[in-house]
Amino acid sequence: MLEEAWKQLENSIVEYKGKPIGTLAAKDKTSKSLNYNQIFMRDFAVSAFAFLMNGDYEIVKNFLEITMKLQSKESEMDCFLPARGTMPASFKIDRSSEGETLIPDFGEKAIARVAPVDSVFWWLYILRAYVKKTDDWEFAQSNDCQQAIKMILELSLINRFDMFPTLLVPEGSFMIDRRMGVYGYPLEIQGLFYTALLSAKELLTDNKENKIYFDNIDKRLGHLVYHIRKYFWLNFEKLNQIYRYKIEEYKENALNQFNIFPESIPSWVLNWLSDDDGYFAGDVGPSRMDFRFFSAGNLLMIINSLADRGQSNAILKLLFNRENELIGEMPMKVCYPALTGRDWELITGHDPKNEPWSYHNGGSWPFLIWYLAAASIKTGATEHLSKLIKMMERRLSRDNYPEYYDGVHSRLVGKEARSRQTWSIAGYIIAKTLMSEPDKLKILVFEESPEILTRAESSKHDLDY
Ligand code: GLC
């Protein structure tokens, strides 16, 4: 099946001016293509990791160069133009008699006009993986790359209207690119932001002129570790604390800094956690704790070491303590539980594509297996991995590599799932490769750094909200 998956992945390659530059989101001839016939930044990241592990570097470098060209360069006050430093969610190639042109989509054409905050972070993560594998420092240190990195840092580190280290983003700004109540400080964006800062720290040229960037990266890394580990972490003990929270605490020394009302704890979570497991909440903001479990965000925290050792183990424990709910018959659920009833009506705006246990609302996405494989191998908790990959192998190829599965136990091919979905194919390839060659993991992971931990310790004083 691995061989067949490679063939499918190669089939999805797109060329521009005679060079491979990316992969289509899906190569499904049976459904309306909408924008699935474009190259998505986040989808290509999964292809890029697979290509790099296989020693195919050219397509990844070409992609990085092309997307750098598409990055918005001008400082604008015009709200109809993308902000300086941003990168598109996706792009396509227009072919006419005059030649080939790249057409980016910064969200102005996407369904529901969602703005992709994650694209720049994926770009940095891909660049870091590329350099880690190839040692092509000449490329990373080129003026163009250095410029692109600095623009991303300026865009994401600037202070705006709020006073938290986490990044405030609009609805649907990442893989969940529809209305799902993921505006504010969604976990996945914070994980990607952290990954991108770690990548920039490795890739920026160490000189006097860049000192200000390094200083700000270091400061923010420490703040993020402190804030996320302290405020987003949920285990039974923490849940009990929240259950007993006092409200309306003013100024310093508040225990309930965000004024979370204990009545907002959903009943499902009260009996869900065991003594040995835990996870990071989906979001924490003013009077808001999103108790849903989001897979990509949680697993990314293990991969980039934003989670400490104990938290990493606890997240993986939870996955298998709650295997029926979180994994079912196809790894794995994008989030848990699904929004139902009035919540679904209000939060999704009656979105039929996101009905309970479908698509982004509790559907299962095979591409997520790469996160699970990377996180399990990093922590050494691999006992379930081969069983899960075997389970995927029973269905994935037979079902023609669907984009997602539906149902409480993820048994049904998703109602509107595209087939031959590229990141389902690439995700499987990564997991399978890592199983047999775990040392290839090094291009994806970040180890915990004592320097960042020291900074996190001193963040306590700055972040005494
Ligand atoms: C859908 C998904 C998004 C993905 C895109 C292309 O819009 O929600 O995460 O990037 O399809 O596969």
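Since we're looking at a predicted model, the values are computed, not measured.

### Structural notes on the layout of surface pockets
In this model, the largest pocket occupies a volume close to 1,600 Å³. In this structure, the largest pocket is lined by 48 residues; those nearest its centre are Leu155, Ser156, Ile158, Arg160 and Leu167. At the level of secondary structure, the elements contributing two or more residues to the lining of the largest pocket comprise α4 (118–134), α6 (143–157) and α8 (211–232). Looking at the lining of the largest pocket residue by residue, the classes come out as 29 nonpolar, eight polar and 11 charged. Computed from the structure, the second largest pocket encloses a volume of approximately 460 Å³. As for the second largest pocket, its lining consists of 19 residues, of which Asp290, Arg292, Leu339, Asp343 and Ile347 are closest to the centre. When contributions to the lining of the second largest pocket are tallied by element, the ones reaching two or more residues are β9 (288–290) and α14 (341–348). Counted by class, the lining of the second largest pocket contains 11 nonpolar, four polar and four charged residues.

### Describing the packing of α4 against helix α7 (residues 187–203)
Relative to each other, α4 and α7 sit at 45°, their axes nearing to 8 Å. Classified by the angle their axes make, α4 and α7 are oblique. In this structure, α4 meets α7 at a crossing whose hand is left-handed. Between α4 and α7, the residues in contact are Asp118, Phe121, Trp122, Leu124, Tyr125, Leu127, Arg128 and Val131 and Ile189, Leu192, Phe193, Thr195, Ala196, Ser199, Ala200, Glu202 and Leu203, respectively. A breakdown of the residues in the contact of α4 with α7 according to their chemical character gives 12 nonpolar, two polar and three charged.

### Some details on the nonpolar core
Counting residues in each nonpolar core, the largest one holds 163 residues, and the members touching the most others are Trp123, Trp370, Tyr371 and Leu444. Counting residues per element, this core draws most heavily on α4, which supplies 11 residues. Each residue touching Tyr371, except ones within four places of it in the same chain, is listed here: Trp122, Glu188, Ala296, Leu299, Leu300 and Ile303.

### So, the pairing of strand β4 (residues 90–96)
Strand direction decides the pairing type here: strand β3 (residues 39–40) and β4, joined by two bridges, are antiparallel. Of the residues in β4, the one forming a bridge with Ile39 is Phe91. The hairpin formed by β4 and strand β5 (residues 99–105) contains two residues between the paired strands.

### Looking at the pairing of strand β1 (residues 13–16)
The alternating pattern of β1 places Val14 and Tyr16 on a buried face and Ile13 and Glu15 on a face that is not buried. Between the antiparallel neighbours β1 and strand β2 (residues 19–23) lie two residues, among them Lys17 with a positive phi of about 50°.

### With respect to the site of the ligand
Surrounding the ligand, one finds Ala25, Tyr36, Phe40, Arg42, Asp43, Met175, Asp177, Tyr359, His360, Glu403, Gln421 and Trp423. Between the ligand and Met175, the relevant distance is 2.7 Å, taken from an oxygen atom to a main-chain nitrogen or oxygen of the residue. Against a free-state accessible area of 310 Å², the protein chains account for coverage of 96% of the ligand. Judged by its atoms lying within 2 Å of the grid points, the ligand is housed in the largest cavity. Across the shell around the ligand, the residue classes tally to six nonpolar, two polar and four charged.

### Some points on the packing of aromatic side chains
Enumeration according to the criterion identifies 28 aromatic pairs in this entry. Measuring from centroid to centroid gives 5.1 Å for Trp272 and Tyr336, while their planes differ by 10°, and the two rings are stacked. Taken as a pair, Trp272 in the loop between α10 (267–270) and β7 (278–280) and Tyr336 in strand β11 (residues 335–336) lie far apart in primary sequence, 64 residues in all. No difference in accessibility class separates Trp272 from Tyr336, as the two residues are buried. By the ring-pair criterion, three or more aromatic residues cluster together here, those being Phe49, Trp122, Tyr125, Tyr359, Trp365, Phe367, Trp370, Tyr371, Tyr404, Trp423 and Phe446. Lying over the aromatic face of Tyr183, Arg288 brings its terminal NZ or CZ to 4.5 Å of the ring centre.

### Points about empty space enclosed by the protein
Across all of its chains, the model carries five cavities of 30 Å³ or more by this definition. Forming the walls of the largest cavity are 28 residues, and the residues nearest its centre are Asn35, Phe40, Arg42, Asp177 and Tyr359. Tallied by class, residues from the lining of the largest cavity come to 15 nonpolar, six polar and seven charged. In this structure, the second largest cavity occupies an estimated 70 Å³ of space. Considering only residue class, the lining of the second largest cavity consists of eight nonpolar, two polar and one charged.

So, how was this worked out
Residues numbered from 1 in each chain as written. Predicted model: local features only at pLDDT ≥ 70, side-chain atom pairs only at ≥ 80, totals over all residues. Heavy atoms only, no water. 1 Å grid on protein atoms, 1.4 Å probe; cavity = no way out; pocket = protein on both sides within 12 Å on 5 of 7 lines; lining within 4 Å. Points joined across faces, edges and corners; volume = space filled by probe spheres on them. Helix = DSSP H or I, 4+ residues; strand = E, 2+ residues; numbered from the N terminus. Nonpolar A, V, L, I, M, F, W, Y, C, P; charged D, E, K, R; others polar. Axes fitted to C-alpha atoms, helices over the stretch in contact; angles between N-to-C directions. Parallel < 35°, antiparallel > 145°, perpendicular 65-115°, else oblique. Left-handed = near helix turned anticlockwise from the far one by under 90°. Contact = heavy atoms within 4.5 Å. Core = buried A, V, L, I, M, F, W, Y, C linked by side-chain atoms within 4.5 Å. Buried < 20%, exposed > 50% of the residue type's maximum accessible area, 1.4 Å probe, protein only. Pairing = 2+ DSSP bridges. Near = heavy atom within 4 Å. Polar contact = N/O pair within 3.5 Å; in protein donor to acceptor, adjacent residues only side chain to side chain. Areas by Shrake-Rupley, 256 points an atom, 1.4 Å probe, with all protein chains shown as cover. Sits in = over half its atoms within 2 Å of the grid points. Phe/Tyr/Trp six-rings, centres within 6.5 Å; stacked < 30°, edge-to-face > 60°. Lys NZ or Arg CZ within 6 Å of the ring centre and 35° of its normal.

Function cannot be inferred from these measures alone, as they are strictly geometric.
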